[in-house]
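Chain and residue survey
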Amino acid sequence: MTKSKRIGILISGGDCAGLNAVVRAAVHRAALLGWTVIGVEEGVRGLMAEPAKTLKLTPEMFDGSIVRRGGTFLPTTNTGDPFAFPDQYGDVLDRSDDVIRGYHALKLDALIGVGGDGNQATLHKLAQKGGMNLVCIPKTIDNDIGLTEVSIGYDTAVQVATEALDNLQPTAASHNRIMILEVMGRDAGHIALVAGIAGGADVILIPEIPYRLEHVVRKIEMLKESGRGFAIIVVAESAPNESGNKVVQKYAGGASRYGGISHLLGDRLAEITKSEIRVTVLGHVQRGAAPDARDRLMASVFGVHAVDLIAAGKFNRMVAWRNRNVVDVALEDVIKAPALVDPGGPIVHTARGLGICLGDA
Ligand code: F6P
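Cut-offs and rules
- Residues numbered from 1 in each chain as written.
- Predicted model: local features only at pLDDT ≥ 70, side-chain atom pairs only at ≥ 80, totals over all residues.
- Heavy atoms only, no water.
- Axes fitted to C-alpha atoms, helices over the stretch in contact; angles between N-to-C directions.
- Helix = DSSP H or I, 4+ residues; strand = E, 2+ residues; numbered from the N terminus.
- Left-handed = near helix turned anticlockwise from the far one by under 90°.
- Contact = heavy atoms within 4.5 Å.
- Near = heavy atom within 4 Å.
- Polar contact = N/O pair within 3.5 Å; in protein donor to acceptor, adjacent residues only side chain to side chain.
- Areas by Shrake-Rupley, 256 points an atom, 1.4 Å probe, with all protein chains shown as cover.
- Nonpolar A, V, L, I, M, F, W, Y, C, P; charged D, E, K, R; others polar.
- Core = buried A, V, L, I, M, F, W, Y, C linked by side-chain atoms within 4.5 Å.
- Buried < 20%, exposed > 50% of the residue type's maximum accessible area, 1.4 Å probe, protein only.
- Pairing = 2+ DSSP bridges.
- Expected span 1.5 Å × (residues − 1).
- Phe/Tyr/Trp six-rings, centres within 6.5 Å; stacked < 30°, edge-to-face > 60°.
- Lys NZ or Arg CZ within 6 Å of the ring centre and 35° of its normal.
- Salt bridge = Lys/Arg side-chain N within 4 Å of Asp/Glu carboxyl O.

Quick word on the packing of helix H1 (residues 19–32) against helix H10 (residues 293–311)
Closest axis-to-axis distance for the H1/H10 pair is 7 Å, and the angle between their directions is 35°. As H1 runs across H10, the sense of the crossing is right-handed. For the pair formed by H1 and H10, the contact residues are Ala21, Val22, Arg24, Ala25, Ala26, Arg29 and Ala30 on the first element and Arg296, Ala299, Ser300, Gly303, Val304, Val307 and Asp308 on the second.

In C-alpha coordinates:
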(Lines give C-alpha, C1' and ligand atoms only; values in the text may rest on other atoms or scores of the structure.)
Protein backbone atom coordinates (compact mmCIF):
# COMPACT_ATOMS: atom_id res chain seq x y z
CA MET A 1 0.00 0.00 0.00
CA THR A 2 1.48 3.37 -1.06
CA LYS A 3 1.70 6.03 1.67
CA SER A 4 -0.93 8.74 1.10
CA LYS A 5 0.46 11.67 -0.85
CA ARG A 6 -0.47 15.21 -1.72
CA ILE A 7 0.40 16.09 -5.29
CA GLY A 8 0.01 19.21 -7.40
CA ILE A 9 -0.77 19.51 -11.09
CA LEU A 10 -0.31 22.58 -13.25
CA ILE A 11 -0.57 23.45 -16.91
CA SER A 12 2.04 25.73 -18.46
CA GLY A 13 2.03 27.40 -21.84
CA GLY A 14 -0.64 27.62 -24.53
CA ASP A 15 -3.79 25.57 -24.15
CA CYS A 16 -4.68 22.71 -26.49
CA ALA A 17 -7.26 19.97 -26.79
CA GLY A 18 -7.00 17.17 -24.22
CA LEU A 19 -5.90 19.11 -21.15
CA ASN A 20 -9.10 18.43 -19.22
CA ALA A 21 -8.70 14.75 -20.01
CA VAL A 22 -5.14 14.70 -18.67
CA VAL A 23 -6.18 16.29 -15.37
CA ARG A 24 -9.09 13.88 -15.10
CA ALA A 25 -6.74 10.91 -15.57
CA ALA A 26 -4.25 12.08 -12.96
CA VAL A 27 -7.00 12.85 -10.45
CA HIS A 28 -8.71 9.47 -10.90
CA ARG A 29 -5.47 7.53 -10.66
CA ALA A 30 -4.37 9.45 -7.56
CA ALA A 31 -7.78 8.98 -5.91
CA LEU A 32 -7.52 5.22 -6.38
CA LEU A 33 -4.25 5.40 -4.43
CA GLY A 34 -5.92 7.48 -1.71
CA TRP A 35 -3.97 10.66 -2.59
CA THR A 36 -5.04 14.32 -2.67
CA VAL A 37 -4.60 16.36 -5.86
CA ILE A 38 -4.24 20.13 -5.85
CA GLY A 39 -4.68 22.00 -9.13
CA VAL A 40 -2.38 25.01 -9.40
CA GLU A 41 -3.88 27.82 -11.50
CA GLU A 42 -1.98 29.77 -14.18
CA GLY A 43 1.06 27.51 -14.24
CA VAL A 44 3.99 28.53 -12.05
CA ARG A 45 2.43 31.97 -11.55
CA GLY A 46 -0.09 30.24 -9.29
CA LEU A 47 2.77 29.04 -7.07
CA MET A 48 4.32 32.52 -7.01
CA ALA A 49 1.18 34.03 -5.52
CA GLU A 50 0.80 34.23 -1.74
CA PRO A 51 -1.20 32.20 -0.92
CA ALA A 52 -0.78 29.99 -3.98
CA LYS A 53 -3.73 29.97 -6.40
CA THR A 54 -5.12 26.48 -6.12
CA LEU A 55 -8.15 24.31 -6.65
CA LYS A 56 -8.76 20.99 -4.87
CA LEU A 57 -9.49 18.36 -7.51
CA THR A 58 -11.74 15.37 -6.95
CA PRO A 59 -12.90 12.61 -9.34
CA GLU A 60 -16.54 13.77 -9.05
CA MET A 61 -15.62 17.04 -10.78
CA PHE A 62 -15.07 15.06 -13.97
CA ASP A 63 -18.42 13.26 -14.06
CA GLY A 64 -19.93 15.68 -16.58
CA SER A 65 -18.86 16.81 -20.01
CA ILE A 66 -15.48 18.20 -19.03
CA VAL A 67 -13.43 15.48 -20.70
CA ARG A 68 -15.13 16.30 -24.00
CA ARG A 69 -14.36 20.01 -23.86
CA GLY A 70 -11.57 21.99 -25.51
CA GLY A 71 -9.46 24.47 -23.57
CA THR A 72 -8.58 23.86 -19.95
CA PHE A 73 -10.72 24.39 -16.89
CA LEU A 74 -7.48 24.69 -14.86
CA PRO A 75 -6.21 28.07 -16.10
CA THR A 76 -2.84 28.28 -17.84
CA THR A 77 -0.59 31.07 -19.11
CA ASN A 78 2.14 31.24 -21.72
CA THR A 79 3.83 34.36 -20.40
CA GLY A 80 6.08 35.07 -17.43
CA ASP A 81 9.34 33.14 -17.14
CA PRO A 82 9.89 32.97 -13.33
CA PHE A 83 13.65 33.41 -13.83
CA ALA A 84 13.06 36.67 -15.75
CA PHE A 85 9.66 37.82 -14.60
CA PRO A 86 8.46 41.24 -15.76
CA ASP A 87 7.16 43.41 -12.92
CA GLN A 88 4.71 46.30 -13.17
CA TYR A 89 7.53 48.85 -13.57
CA GLY A 90 8.99 47.17 -16.63
CA ASP A 91 11.89 45.58 -14.72
CA VAL A 92 12.72 41.92 -14.92
CA LEU A 93 13.08 39.96 -11.67
CA ASP A 94 14.18 36.44 -10.79
CA ARG A 95 11.10 35.10 -8.99
CA SER A 96 12.10 31.43 -9.03
CA ASP A 97 12.42 31.42 -5.22
CA ASP A 98 8.78 32.50 -4.93
CA VAL A 99 7.67 29.54 -7.03
CA ILE A 100 9.76 27.14 -4.96
CA ARG A 101 8.40 28.63 -1.74
CA GLY A 102 4.85 28.15 -3.08
CA TYR A 103 5.51 24.48 -3.83
CA HIS A 104 6.86 23.81 -0.33
CA ALA A 105 4.16 25.92 1.36
CA LEU A 106 1.53 23.66 -0.21
CA LYS A 107 3.36 20.68 1.33
CA LEU A 108 3.35 18.83 -1.95
CA ASP A 109 5.04 15.47 -2.27
CA ALA A 110 5.33 15.94 -6.03
CA LEU A 111 4.23 18.13 -8.91
CA ILE A 112 2.94 17.14 -12.35
CA GLY A 113 3.74 19.80 -14.95
CA VAL A 114 1.84 19.60 -18.22
CA GLY A 115 3.67 21.69 -20.80
CA GLY A 116 5.59 22.18 -24.01
CA ASP A 117 9.38 21.92 -24.24
CA GLY A 118 10.02 25.50 -23.08
CA ASN A 119 7.76 25.04 -20.05
CA GLN A 120 9.43 21.74 -19.23
CA ALA A 121 12.87 23.34 -19.37
CA THR A 122 11.72 26.01 -16.90
CA LEU A 123 10.07 23.47 -14.58
CA HIS A 124 13.17 21.29 -14.69
CA LYS A 125 15.36 24.26 -13.71
CA LEU A 126 12.98 25.08 -10.84
CA ALA A 127 12.95 21.48 -9.65
CA GLN A 128 16.75 21.32 -9.67
CA LYS A 129 17.05 24.56 -7.77
CA GLY A 130 14.29 23.99 -5.24
CA GLY A 131 14.20 20.26 -4.57
CA MET A 132 10.79 19.82 -6.17
CA ASN A 133 9.74 16.31 -7.15
CA LEU A 134 8.71 16.84 -10.76
CA VAL A 135 7.09 14.68 -13.43
CA CYS A 136 6.16 16.26 -16.78
CA ILE A 137 3.54 15.46 -19.40
CA PRO A 138 4.05 16.59 -23.02
CA LYS A 139 1.40 18.84 -24.49
CA THR A 140 1.45 21.12 -27.50
CA ILE A 141 -0.30 21.24 -30.84
CA ASP A 142 3.17 21.69 -32.39
CA ASN A 143 4.25 18.08 -31.58
CA ASP A 144 7.84 19.28 -31.35
CA ILE A 145 8.79 17.81 -27.95
CA GLY A 146 11.82 15.53 -28.04
CA LEU A 147 11.75 11.80 -27.20
CA THR A 148 8.00 11.33 -27.56
CA GLU A 149 6.13 10.49 -30.74
CA VAL A 150 3.02 12.28 -29.53
CA SER A 151 2.14 15.33 -27.49
CA ILE A 152 -1.40 16.02 -26.28
CA GLY A 153 -3.32 18.39 -28.56
CA TYR A 154 -1.48 17.64 -31.78
CA ASP A 155 -3.91 15.15 -33.22
CA THR A 156 -6.91 17.45 -32.76
CA ALA A 157 -5.04 20.38 -34.31
CA VAL A 158 -4.24 18.24 -37.36
CA GLN A 159 -7.90 17.24 -37.54
CA VAL A 160 -9.02 20.88 -37.47
CA ALA A 161 -6.52 21.82 -40.19
CA THR A 162 -7.60 18.85 -42.30
CA GLU A 163 -11.26 19.84 -41.98
CA ALA A 164 -10.31 23.37 -43.04
CA LEU A 165 -8.72 21.95 -46.19
CA ASP A 166 -11.81 19.81 -46.81
CA ASN A 167 -13.87 22.99 -46.68
CA LEU A 168 -11.50 25.01 -48.84
CA GLN A 169 -11.35 22.50 -51.69
CA PRO A 170 -14.95 22.89 -52.93
CA THR A 171 -14.81 26.67 -52.90
CA ALA A 172 -11.37 26.64 -54.56
CA ALA A 173 -12.74 24.37 -57.31
CA SER A 174 -15.91 26.43 -57.74
CA HIS A 175 -13.94 29.60 -58.49
CA ASN A 176 -10.75 28.18 -59.97
CA ARG A 177 -8.76 29.84 -57.25
CA ILE A 178 -5.54 29.13 -55.44
CA MET A 179 -6.26 28.73 -51.74
CA ILE A 180 -3.48 29.17 -49.22
CA LEU A 181 -3.98 27.87 -45.68
CA GLU A 182 -1.54 29.03 -42.99
CA VAL A 183 -1.36 26.72 -39.99
CA MET A 184 0.38 26.94 -36.61
CA GLY A 185 3.25 24.80 -35.37
CA ARG A 186 5.84 27.28 -34.18
CA ASP A 187 9.24 26.18 -35.58
CA ALA A 188 7.99 22.75 -36.64
CA GLY A 189 6.09 21.81 -39.78
CA HIS A 190 4.30 18.73 -38.40
CA ILE A 191 0.76 20.15 -38.56
CA ALA A 192 1.25 21.54 -42.09
CA LEU A 193 2.79 18.35 -43.41
CA VAL A 194 0.32 15.87 -41.96
CA ALA A 195 -2.83 17.95 -42.53
CA GLY A 196 -1.58 18.77 -46.02
CA ILE A 197 -1.29 15.10 -46.90
CA ALA A 198 -4.62 14.21 -45.27
CA GLY A 199 -6.41 17.20 -46.77
CA GLY A 200 -5.19 16.73 -50.33
CA ALA A 201 -2.86 19.74 -50.65
CA ASP A 202 -0.93 20.30 -53.87
CA VAL A 203 1.87 22.23 -52.19
CA ILE A 204 3.13 22.06 -48.58
CA LEU A 205 5.75 24.50 -47.32
CA ILE A 206 7.43 23.81 -43.99
CA PRO A 207 10.40 25.43 -42.22
CA GLU A 208 12.46 22.22 -42.30
CA ILE A 209 12.57 22.12 -46.12
CA PRO A 210 13.91 25.27 -47.80
CA TYR A 211 11.76 26.15 -50.79
CA ARG A 212 12.05 28.25 -53.94
CA LEU A 213 9.05 30.09 -55.30
CA GLU A 214 9.85 28.99 -58.85
CA HIS A 215 9.11 25.38 -57.88
CA VAL A 216 5.73 26.35 -56.44
CA VAL A 217 4.92 28.35 -59.58
CA ARG A 218 5.91 25.40 -61.77
CA LYS A 219 3.57 23.10 -59.80
CA ILE A 220 0.67 25.55 -60.29
CA GLU A 221 1.44 25.75 -64.01
CA MET A 222 1.51 21.96 -64.27
CA LEU A 223 -1.89 21.76 -62.60
CA LYS A 224 -3.26 24.34 -65.03
CA GLU A 225 -1.79 22.45 -67.99
CA SER A 226 -3.47 19.29 -66.77
CA GLY A 227 -6.83 21.10 -66.89
CA ARG A 228 -7.12 21.78 -63.15
CA GLY A 229 -7.99 25.38 -62.45
CA PHE A 230 -7.50 25.41 -58.69
CA ALA A 231 -4.74 24.59 -56.25
CA ILE A 232 -4.46 24.12 -52.50
CA ILE A 233 -1.34 25.26 -50.65
CA VAL A 234 -0.61 24.68 -46.96
CA VAL A 235 2.09 26.79 -45.37
CA ALA A 236 3.46 26.46 -41.86
CA GLU A 237 3.52 29.74 -39.94
CA SER A 238 7.30 29.62 -39.59
CA ALA A 239 8.11 28.83 -43.22
CA PRO A 240 10.44 31.64 -44.27
CA ASN A 241 9.84 34.32 -46.88
CA GLU A 242 11.83 34.44 -50.12
CA SER A 243 14.77 36.09 -48.35
CA GLY A 244 14.91 33.24 -45.84
CA ASN A 245 13.44 35.22 -42.92
CA LYS A 246 10.61 34.01 -40.73
CA VAL A 247 7.58 36.29 -40.74
CA VAL A 248 6.25 37.69 -37.47
CA GLN A 249 3.39 39.89 -36.38
CA LYS A 250 3.96 42.50 -33.69
CA TYR A 251 1.37 42.75 -30.95
CA ALA A 252 0.66 45.60 -28.54
CA GLY A 253 3.09 45.49 -25.63
CA GLY A 254 6.01 44.47 -27.85
CA ALA A 255 5.32 40.73 -28.13
CA SER A 256 5.69 39.09 -31.51
CA ARG A 257 4.35 35.83 -32.86
CA TYR A 258 4.75 33.96 -36.13
CA GLY A 259 2.15 34.93 -38.71
CA GLY A 260 1.75 36.48 -42.13
CA ILE A 261 3.79 34.26 -44.48
CA SER A 262 0.60 33.19 -46.29
CA HIS A 263 -0.23 36.76 -47.32
CA LEU A 264 3.30 37.43 -48.61
CA LEU A 265 3.22 34.17 -50.50
CA GLY A 266 -0.24 34.92 -51.88
CA ASP A 267 0.82 38.35 -53.17
CA ARG A 268 3.90 36.97 -54.90
CA LEU A 269 2.02 34.04 -56.47
CA ALA A 270 -0.76 36.35 -57.68
CA GLU A 271 1.86 38.60 -59.30
CA ILE A 272 3.70 35.75 -61.00
CA THR A 273 0.90 33.35 -61.97
CA LYS A 274 -1.87 35.96 -62.52
CA SER A 275 -4.18 33.57 -60.66
CA GLU A 276 -6.86 34.57 -58.21
CA ILE A 277 -5.60 33.81 -54.71
CA ARG A 278 -7.32 33.71 -51.34
CA VAL A 279 -5.64 33.29 -47.98
CA THR A 280 -6.95 31.70 -44.78
CA VAL A 281 -5.00 31.96 -41.53
CA LEU A 282 -6.35 29.20 -39.32
CA GLY A 283 -4.92 30.48 -36.02
CA HIS A 284 -6.25 29.54 -32.63
CA VAL A 285 -9.16 27.41 -33.86
CA GLN A 286 -6.47 24.71 -33.98
CA ARG A 287 -6.12 25.03 -30.22
CA GLY A 288 -9.69 25.42 -28.99
CA ALA A 289 -11.45 22.46 -30.60
CA ALA A 290 -12.92 19.61 -28.57
CA PRO A 291 -10.31 16.85 -28.21
CA ASP A 292 -10.57 13.97 -30.65
CA ALA A 293 -10.50 10.38 -29.42
CA ARG A 294 -6.74 10.01 -29.89
CA ASP A 295 -5.97 13.09 -27.80
CA ARG A 296 -8.37 11.94 -25.06
CA LEU A 297 -6.66 8.56 -25.06
CA MET A 298 -3.08 9.91 -24.96
CA ALA A 299 -4.07 12.40 -22.26
CA SER A 300 -5.49 9.54 -20.21
CA VAL A 301 -2.45 7.32 -20.73
CA PHE A 302 -0.06 10.13 -19.77
CA GLY A 303 -2.08 11.25 -16.74
CA VAL A 304 -2.24 7.76 -15.26
CA HIS A 305 1.42 7.06 -15.98
CA ALA A 306 2.58 10.33 -14.41
CA VAL A 307 0.92 9.36 -11.13
CA ASP A 308 2.42 5.88 -11.37
CA LEU A 309 5.88 7.44 -11.74
CA ILE A 310 5.33 9.46 -8.57
CA ALA A 311 4.20 6.29 -6.77
CA ALA A 312 7.43 4.65 -7.91
CA GLY A 313 9.49 7.64 -6.70
CA LYS A 314 10.76 8.45 -10.21
CA PHE A 315 11.24 12.19 -10.69
CA ASN A 316 12.66 14.59 -13.26
CA ARG A 317 11.07 12.39 -15.91
CA MET A 318 8.63 13.07 -18.72
CA VAL A 319 6.05 10.51 -19.74
CA ALA A 320 6.31 9.69 -23.43
CA TRP A 321 4.71 7.57 -26.14
CA ARG A 322 7.20 5.46 -28.09
CA ASN A 323 6.81 2.32 -30.16
CA ARG A 324 3.17 1.81 -29.16
CA ASN A 325 4.01 2.02 -25.47
CA VAL A 326 4.03 4.53 -22.63
CA VAL A 327 7.50 5.08 -21.22
CA ASP A 328 9.34 7.75 -19.27
CA VAL A 329 12.41 9.68 -20.31
CA ALA A 330 14.85 12.01 -18.53
CA LEU A 331 13.74 15.64 -18.66
CA GLU A 332 17.33 16.78 -19.20
CA ASP A 333 17.38 14.75 -22.43
CA VAL A 334 13.94 15.94 -23.59
CA ILE A 335 14.89 19.60 -23.45
CA LYS A 336 18.14 19.22 -25.41
CA ALA A 337 16.48 19.63 -28.80
CA PRO A 338 13.01 19.98 -30.32
CA ALA A 339 11.60 17.25 -32.55
CA LEU A 340 11.26 18.85 -35.97
CA VAL A 341 10.08 17.22 -39.20
CA ASP A 342 12.74 14.89 -40.55
CA PRO A 343 13.22 15.86 -44.21
CA GLY A 344 14.45 12.31 -44.89
CA GLY A 345 11.66 10.65 -42.89
CA PRO A 346 8.67 8.56 -43.97
CA ILE A 347 6.05 11.32 -43.88
CA VAL A 348 8.05 13.60 -46.16
CA HIS A 349 8.71 10.59 -48.40
CA THR A 350 4.97 9.92 -48.48
CA ALA A 351 4.21 13.51 -49.49
CA ARG A 352 6.72 13.27 -52.32
CA GLY A 353 5.26 9.91 -53.33
CA LEU A 354 1.86 11.56 -53.68
CA GLY A 355 3.32 14.15 -56.04
CA ILE A 356 2.89 16.95 -53.50
CA CYS A 357 5.30 19.84 -54.13
CA LEU A 358 7.39 20.67 -51.07
CA GLY A 359 8.92 23.66 -52.78
CA ASP A 360 12.41 22.22 -53.18
CA ALA A 361 11.99 20.59 -56.58
O1 F6P B 1 2.95 26.50 -29.24
C2 F6P B 1 1.60 26.49 -29.56
C3 F6P B 1 1.24 27.67 -30.43
O4 F6P B 1 -0.14 27.58 -30.75
C5 F6P B 1 2.07 27.82 -31.69
O6 F6P B 1 1.70 26.92 -32.69
C7 F6P B 1 1.84 29.28 -32.02
O8 F6P B 1 2.92 29.79 -32.75
C9 F6P B 1 1.75 29.92 -30.66
O10 F6P B 1 1.44 28.89 -29.73
C11 F6P B 1 0.72 31.00 -30.53
O12 F6P B 1 0.83 31.57 -29.27
P13 F6P B 1 -0.27 32.53 -28.61
O14 F6P B 1 -1.34 31.67 -28.04
O15 F6P B 1 0.47 33.26 -27.57
O16 F6P B 1 -0.79 33.41 -29.70
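Comments concerning the site of the ligand
Residues in close proximity to the ligand include Asn78, Thr140, Ile141, Asp142, Met184, Gly185, Arg186, Glu237, Arg257, His284 and Arg287, which together make up its full environment. Interatomic distance of 2.6 Å between a side-chain N/O atom of Glu237 and an oxygen atom of the ligand. The contact in question runs from an oxygen atom of the ligand to an N or O atom on the side chain of His284, over 2.9 Å. Protein burial of the ligand: of its 400 Å² of free accessible surface, 87% is covered by the chains. Per-class residue counts for the shell around the ligand are 2 nonpolar, 4 polar and 5 charged.

Quick notes on the environment of Asp109
By the element assignment, Asp109 lies in the loop between helix H3 (96–105) and strand E6 (110–115). Each C-alpha atom, one on Asp109 and one on Gly146, is 27 Å from the other, the two residues being 37 residues apart in sequence. Setting aside chain neighbours within four positions, we find Asp109 in contact with Lys3, Ser4, Lys5, Arg6, Tyr103 and Asn133.

Let's talk about the nonpolar core
Counting 68 residues, the largest nonpolar core has Ile7, Ile9, Val23, Ile112 and Ile137 as the members making the most contacts within it. By residue number, the principal contributor to this core is helix H5 (residues 154–175), which donates 9 residues. Filtering out sequence-adjacent residues up to four positions away, Ile9 remains in contact with Val23, Ala26, Val37, Ile38, Gly39, Val40, Leu57, Leu74, Leu111, Ile112 and Val114. Within the second largest apolar cluster, 27 residues are counted, among which are Phe83, Leu111, Leu134 and Cys136.

Quick notes on the sheet that holds strand E7 (residues 134–138)
Strands sit in the order E3-E2-E1-E6-E7-E14-E15 across an open sheet of 7 strands; the sheet is mixed. Looking at the sheet topology across the chains shown, the edges are occupied by strand E3 (54–57) and strand E15 (325–330). Between one strand axis and the next, the sheet turns by 30° as a mean value, whatever way the strands run. Across 4 bridges, strand E2 (residues 36–40) lies against E3 in antiparallel orientation. Residue pairing across strands places Val40 opposite Thr54, the latter belonging to E3. Relative to E7, helix H4 (residues 117–130) is tilted by about 180°, and along the sheet it contacts strand E1 (6–11), E6, E7 and strand E14 (317–322). In the packing of H10 onto the sheet, contacts are made with E1, E6, E7, E14 and E15, and the angle to E14 comes to roughly 140°.

Section: H5
Helix length check: H5, at 22 residues, gives a terminal C-alpha distance of 32 Å against a target of 32 Å (1.5 Å per residue), a fit within 8%. Tyr154, Thr156, Ala157, Val158, Val160, Ala161, Thr162, Ala164, Leu165, Leu168 and Ala172 are the residues of H5 that are buried. Phi turns positive, to about 50°, at Asn176, one or two residues after H5.

Some points on the packing of aromatic side chains
Tallied over the entire structure, the rule returns 1 aromatic pair. For the ring pair Phe62 and Phe73, a centre distance of 5.6 Å and an interplane angle of 75° mean the geometry is edge-to-face. One end of the pair, Phe62, is in the loop between E3 and strand E4 (85–86); the other, Phe73, is in the loop between E3 and E4, with 11 residues separating them in the sequence. Judged by its relative accessible area of 4%, Phe62 is buried. Classification of Phe73 by relative accessible area gives partly exposed; the value is 23%. One cation-aromatic arrangement involves Arg95 over Phe85; the distance from NZ or CZ to the ring centre is 5.5 Å. Taking the ring centre of Phe83 as reference, the NZ or CZ of Lys125 above it sits at 4.1 Å.

Some words on the pattern of salt bridges
Scanning the model with the defined rule gives 21 salt bridges in all. Where Asp328 meets Lys314, a salt bridge forms, and the shortest distance between an N and an O atom there is 3.0 Å. Here Asp328 is found in strand E15, whereas its partner Lys314 is found in the loop between H10 and E14, with 14 residues between them in sequence. Given a relative accessible area of 15%, Asp328 falls into the buried group. Overlapping salt bridges bring together Glu50, Arg95, Asp98 and Arg101 as one network.

Thoughts on the environment of Phe73
Each C-alpha atom of the pair Phe73 and Gly359 lies 41 Å from the other, and the pair is 286 residues apart in sequence. Every residue in contact with Phe73, bar those within four places of it in the chain, is listed here: Asn20, Val23, Leu55, Leu57, Met61, Phe62 and Ile66.

Describing the side chain of Lys139
Inspection of the secondary structure assignment puts Lys139 in the loop between E7 and H5. A distance of 2.9 Å separates the side chain of Lys139 from the backbone oxygen of Gly14, its partner in a polar contact.

Topic: helix H6 (residues 190–198)
The α-helix advances 3.6 residues per turn, and as a result positions three or four apart in sequence lie on the same side. Listing the buried residues of H6 in full gives His190, Ile191, Ala192, Leu193, Ala195 and Gly196. Contacts made by the buried residues of H6 are with H5, strand E8 (178–183), strand E9 (203–205), strand E10 (231–236), helix H9 (285–288) and helix H12 (346–353). Once H6 ends, the next one or two residues include Gly200, with phi positive near 70°.

As for the sheet that holds strand E13 (residues 277–281)
Taking strand neighbours across the sheet as the criterion, the 4 strands line up as E9-E10-E8-E13 in an open arrangement whose pairing is parallel. Strands at the two margins of the open sheet, each flanked by one partner only, are E9 and E13. For this sheet, the mean inter-axis angle between neighbouring strands, taken without regard to orientation, is 15°. In this sheet, E10 lies alongside E8 in parallel orientation, the contact comprising 6 bridges. Note on E10: the bridge partner recorded for Leu181 is Val234. Packing against the sheet, H5 makes contact with E8, E10 and E13, and its axis sits at approximately 165° to E8.

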